[in-house]
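Structural description and commentary
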Amino acid sequence: MDAVQDVKAKLDIEDVISEYVQLKRAGRNFKGLSPFTAEKSPSFIVSPDKNIWHDFSSGKGGDIFTFVMEMEGLDFRGALELLARRAGIDLEQYNTKSSGTSSKLKERLHAALEAATKFYQVQFSRNQVALEYVLKKRAFTKQTALDFRLGYSPNNGAALIDYLKKQKFTEAELEKAGLTATRYNGVSDMFRGRLMVPLMDPQGRVIGFTARLLVDDPKAPKYINTPQTILYDKSRHIFGLNFAKDAIRKSAVAVLVEGNLDVIASYQANVRNVVATAGTALTEMNLKAIKRFTGDVRLAFDQDRAGLAATERALPIAGKVGVSLSVITIPEGKDPDDLIKKNPKLWQEAINNHQYAVDWIIDRYKSQLDISSALGKREFSDVVLATIRRLSDAVEQEHYLQRLSQIIDVSVEALKTKLDANEETLKPRKKPKTTYQLSVQDIEHARTQNQLLSLLLMKPALRSHLKSFYEDMFHTEIAKLVFKTINEQKNDVSSKEMTDALLAHPGSANSETFVQDMSNYVKMLLLQHETTYQDLDDVELDYEIERVRTRLLKQYVETKKTELRRLHESGEVDEARLLQDSSVLDKLLKSS
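A quick note: this is a predicted structure, and the numbers were derived from the prediction, not measured. Per chain, residues are indexed from 1 in the order of the written sequence. Since the coordinates come from a predicted model, pLDDT governs what is reported: local features require at least 70, and pairs of side-chain atoms require 80 or more to be given and counted, while whole-chain, interface and lining totals use all residues. Note that the side-chain values use all heavy atoms of the structure and ignore hydrogens as well as water.

**Here we look at the packing of aromatic side chains**
- Put simply, two rings from Phe, Tyr or Trp (the six-membered ring, in Trp's case) pair if the centres are within 6.5 Å, and we call them stacked under 30 degrees between planes, edge-to-face over 60, tilted for the rest. One pass over the full model with this rule turns up 16 aromatic pairs.
- Seen in terms of ring centroids, Y20 and F67 are 5.5 Å apart; in terms of plane orientation they differ by 75°. Their pairing is edge-to-face. Here Y20, found in the loop between helix 2 (13-17) and strand 1 (24-26), pairs with F67, found in helix 3 (residues 64-72); they are 47 residues apart in sequence, far enough to count as distant.
- In this structure an aromatic cluster arises from ring pairing among Y20, F36, F44, W53 and F67. Labels follow the DSSP assignment, with helices taken as runs of H or I lasting at least four residues and strands as runs of E lasting at least two, numbered in each case from the N terminus.

Structure representation (structure tokens):
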């Protein structure tokens with residue numbers, strides 16, 4: 001049995017996608033506005049016949065799994081589990097006995113946490129202290145409290161345990177869900193006498209709780225969280241992502257705050273691209289989860305020493321993951337909730353007036369130290385060089401060395417000497433690895449290559465143009481493989497024979513993943529041709545392939561030149577090589 005094929009057989013692609021995109025019938029296909037770009041004319045196509053979707057504005061495409069992965073920020077396994085639930089398919093039947101047992105346990109724990117959430121909500125509606133704190137002090141509306149499913153845990157020992165046992169949950173299951181604790185008088189509820197804030201996964205399923213103290217008690221922590229369980233991992237969890245993911249995707253900005261209640265306040269103020277982590281200690285998994293939606297992450301932590309240290313720690317992680325990290329400056333003594341209560345527009349203005357994290361760190365230390373003195377210059381250079389050392393990009397390091405040189409009036413050579421000396425005392429220096437976000441140029445390149453390959457695949461007569469291209473011009477490995485396969489076949493091979501040859505290609509790795517990716521990509525090219533080129537005559541097609549060829553060549557030359565400049569700035573390519581290779585590229589472009 002194949003779980004993937006069974007899910008596809010049970011779910012219509014247009015039904016799944018229409019939950020995210022408003023679709024309208026367009027002949028045999030459906031059309032809608034891209035969920036990935038801010039387009040005004042619909043270019044997002046869904047083909048029920050091919051069981052495929054393609055977004056012409058971004059160049060993305062695939063099947064229902066790739067779509068859900070994009071929209072929900074999931075890996076393939078997560079998308080499979082989500083779609084299997086929608087299809088009413090039990091994945092246990094496809095698993096081994098051990099993995100099936102694990103899956104069944106997770107479902108039981110989800111059910112226990114869902115029941116606990118409902119129990120806490122009922123208790124909340126009856127507790128005056130909790131209601132006054134939420135509705136009056138925090139000024140949350142009843143609808144906001146319902147949206148976030150806020151609750152209250154009664155302070156009488158084992159009320160939740162007693163309730164859940166009546167719902168047929170065992171004590172072992174409640175322990176594994178993080179709902180119980182063993183104290184001196186035996187097993188009791190984990191949370192007692194607190195405001196309960198459910199922690200949810202990106203699909204809105206409860207995986208744990210944050211519990212806030214409502215009565216001042218110097219002996220008790222203000223907040224306690226669900227302990228680590230098989231469902232809740234604080235190093236991976238992003239609070240509010242289930243509410244914020246669409247807003248993050250549309251705005252291309254993710255705002256990280258310290259407190260869960262700040263997220264709720266921002267949500268109520270209709271600024272909904274705001275999330276929180278468990279404290280200020282950002283992890284690689286946190287940033288990877290956010291990067292599935294955007295590469296622009298803005299921190300709104302407290303402007304104190306802890307917030308400064310958290311930003312410093314986050315820099316190398318951001319560089320490794322490939323996100324741009326910046327800081328939102330909030331007036332001293334304020335937090336997002338204070339700004340929102342005063343005027344929600346002030347909060348949005350603060351988000352818009354962000355500052356790149358390295359610049360923010362430099363400015364903070366500059367205001368704290370006396371850089372007119374030799375001692376101040378030494379201390380300032382120590383902390384700023386430590387920040388520069390955390391940067392993964394050599395060009396960026398050079399930029400900030402020059403800026404530091406200007407601020408304290410010291411030569412760049414002296415700073416490099418100090419940087420290298422400090423580096424040696426830490427560990428052998430590694431060659432920096434540069435990571436880049438998918439740019440507008442990358443998207444345009446992908447769109448152009450898809451247009452060209454769809455023409456070459458479906459119109460054998462156009463393959464005479466193949467001599468104008470070579471493999472390196474294509475943007476992705478699977479596109480390179482499609483081009484190579486077309487190039488190796490005879491020009492008179494029909495489009496069907498060529499398609500069959502591609503689908504039968506073993507690839508560099510003979511795996512189910514490759515076969516699935518190739519199948520989706522070929523179907524996407526067929527859809528591209530069907531919706532764009534099918535009605536053009538031969539003269540128009542000749543003009544079109546020339547136009548696409550010229551555009552692809554220009555994009556290729558621009559990409560190679562940018563790469564050359566980066567290599568030159570990092571010292572990997574000398575001046576003579578830069579000039580020589582640039583000249584070759586210029587001649588290639590002129591020859592077109």
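**So, unusual backbone geometry**
- The phi dihedral of N51 falls on the positive side, at around 55°, and the residue is not glycine.
- With respect to the helices, strands and loops of the structure, N51 is situated in the loop between strand 3 (44-47) and strand 4 (52-55).
- The phi dihedral of A252 falls on the positive side, at around 60°, and the residue is not glycine.
- Mapped onto the secondary structure, A252 falls in the loop between helix 10 (241-251) and strand 12 (254-257).
- A 1.4 Å probe rolled over the protein chains alone gives each residue an accessible area, and that area as a share of the maximum for its type sets the label: buried under 20%, exposed over 50%, partly exposed in between. What makes A252 partly exposed here is its relative accessible area of 39%.

**Quick look at the pattern of salt bridges**
- A pair is scored as a salt bridge if a Lys or Arg side-chain nitrogen falls within 4 Å of a carboxyl oxygen belonging to Asp or Glu. In the structure shown here, the tally under the stated rule is 27 salt bridges.
- Here D337 makes a salt bridge to K341, at a shortest N to O gap of 3.3 Å. On the criterion of helical spacing, the pair formed by D337 and K341 is a turn pair, its members being four residues apart in helix 14 (residues 336-342).
- Overall, D337 belongs to the buried group, its relative accessible area being 5%.
- By relative accessible area, which is 46% here, K341 ends up partly exposed.
- For K418, the salt bridge is made with D382, and the minimal N-O distance between the two is 2.7 Å. Of this pair, K418 sits in helix 19 (residues 412-426) while D382 sits in helix 17 (residues 374-390), and the two are 36 residues apart along the sequence.
- For K418, a relative accessible area of 22% translates into the label partly exposed.

**Things to note about the sheet that holds strand 10 (residues 206-213)**
- Pairing is antiparallel across the open sheet formed by four strands, whose spatial order is 6-9-10-11. In this open sheet, the two edge strands, each paired with only one partner strand, are strand 6 (151-153) and strand 11 (223-225). The average undirected angle you get between the axes of adjacent strands in this sheet is 35°.
- Strand pairing requires that DSSP identify at least two bridges connecting the strands. Direction of pairing for strand 6 relative to strand 9 (residues 194-200): antiparallel, over a ladder of three bridges. In the sheet register, S153 faces strand 9, and the bridge partner there is R194. Here an angle of 0 to 180 degrees is reported between the N-to-C directions of two axes, which are lines fitted to C-alpha atoms, with helices fitted over the stretch in contact.

**Side note on the side chain of S188**
- Within the secondary structure layout, S188 lies in strand 8 (residues 186-189).
- The contact criterion used is simple: two residues touch if any of their non-hydrogen atoms lie within 4.5 Å. Contacts of S188, omitting those with residues within four sequence positions, involve G157, I161, L179, T180, A181 and R183.

**Concerning the packing of helix 16 (residues 357-368) against helix 18 (residues 394-408)**
- For the pair helix 16 and helix 18, the least separation of the axes is 12 Å and the interaxial angle reads 20°. Considering the angle they form, helix 16 stands roughly parallel to helix 18. For the pair helix 16 and helix 18, the sense of crossing is right-handed. For the pair formed by helix 16 and helix 18, the contact residues are V358, D359, I362, D363 and K366 on the first element and E396, Y400, R403 and I407 on the second.
- Ten residue types, Ala, Val, Leu, Ile, Met, Phe, Trp, Tyr, Cys and Pro, are classed as nonpolar, four, Asp, Glu, Lys and Arg, as charged, and the remainder, Gly among them, as polar. Tallied by class, the residues present in the contact of helix 16 with helix 18 amount to four nonpolar, no polar and five charged. Roughly parallel means an angle under 35 degrees; roughly antiparallel means over 145; roughly perpendicular covers 65 to 115; every other angle is labelled oblique. It is the rotation of the near helix from the far one that decides the hand of a crossing: anticlockwise by less than a right angle makes it left-handed, clockwise makes it right-handed.

**Structural notes on the pairing of strand 4**
- Of the two faces of strand 4, the one carrying I52 and H54 and the one carrying W53 and D55 are both buried.
- Bridge count for strand 3 against strand 4 is four bridges, and the pairing is antiparallel. What sits directly across from V46, in strand 4, is W53.
- Turn length for the strand 3-strand 4 hairpin, with the two strands adjacent in sequence and antiparallel, is four residues, and the turn residue N51 shows positive phi of about 55°.
- Here strand 4 runs beside strand 5 (residues 60-62); their pairing, made up of three bridges, is antiparallel. Residue pairing for strand 5: H54 is matched across the bridge by G61.
- Linkage of strand 4 to strand 5, two consecutive antiparallel strands, is achieved through a turn of four residues, within which G59 is found at a positive phi near 80°.

**What about the sheet that holds strand 2 (residues 29-32)?**
- On the basis of which strands lie adjacent, the open sheet formed by five strands has the order 1-2-3-4-5 and antiparallel pairing. Each edge of the open sheet carries a strand with a single partner, namely strand 1 and strand 5. For this sheet, the mean angle separating the axes of adjacent strands, direction not counted, is 20°.
- Where strand 1 lies against strand 2, three bridges are found, and the strand directions are antiparallel. Along strand 2, the bridge assignment pairs K24 with K31.

**What about helix 22 (residues 495-503)?**
- Along helix 22, the residues classified as buried are M498, T499 and L502. In an axial view of helix 22, the angular spread of the buried residues amounts to 100°, which keeps them on one side of the axis. For this quantity, the arc is that covered by the directions from the helix axis to the C-beta atoms.

**As for the nonpolar core**
- Ranked by size, the top nonpolar core spans 60 residues in total, and within it L179, F209, V255 and W347 carry the most contacts.
- Among the elements that make up this core, the one with the highest residue count is helix 5 (residues 97-126) (eight residues).
- Not counting the four nearest positions on each side in its chain, W347 is found in contact with V255, V257, S266, V271, V274, A300, I328, I330, P336, L339 and I340.
- As used here, the term nonpolar core means buried Ala, Val, Leu, Ile, Met, Phe, Trp, Tyr and Cys residues forming a set that is joined through side-chain atoms within 4.5 Å. V323, F380, I388 and L391 belong to the second largest nonpolar core, which has 43 residues in total.

On their own, these measurements won't tell you what the molecule is for.
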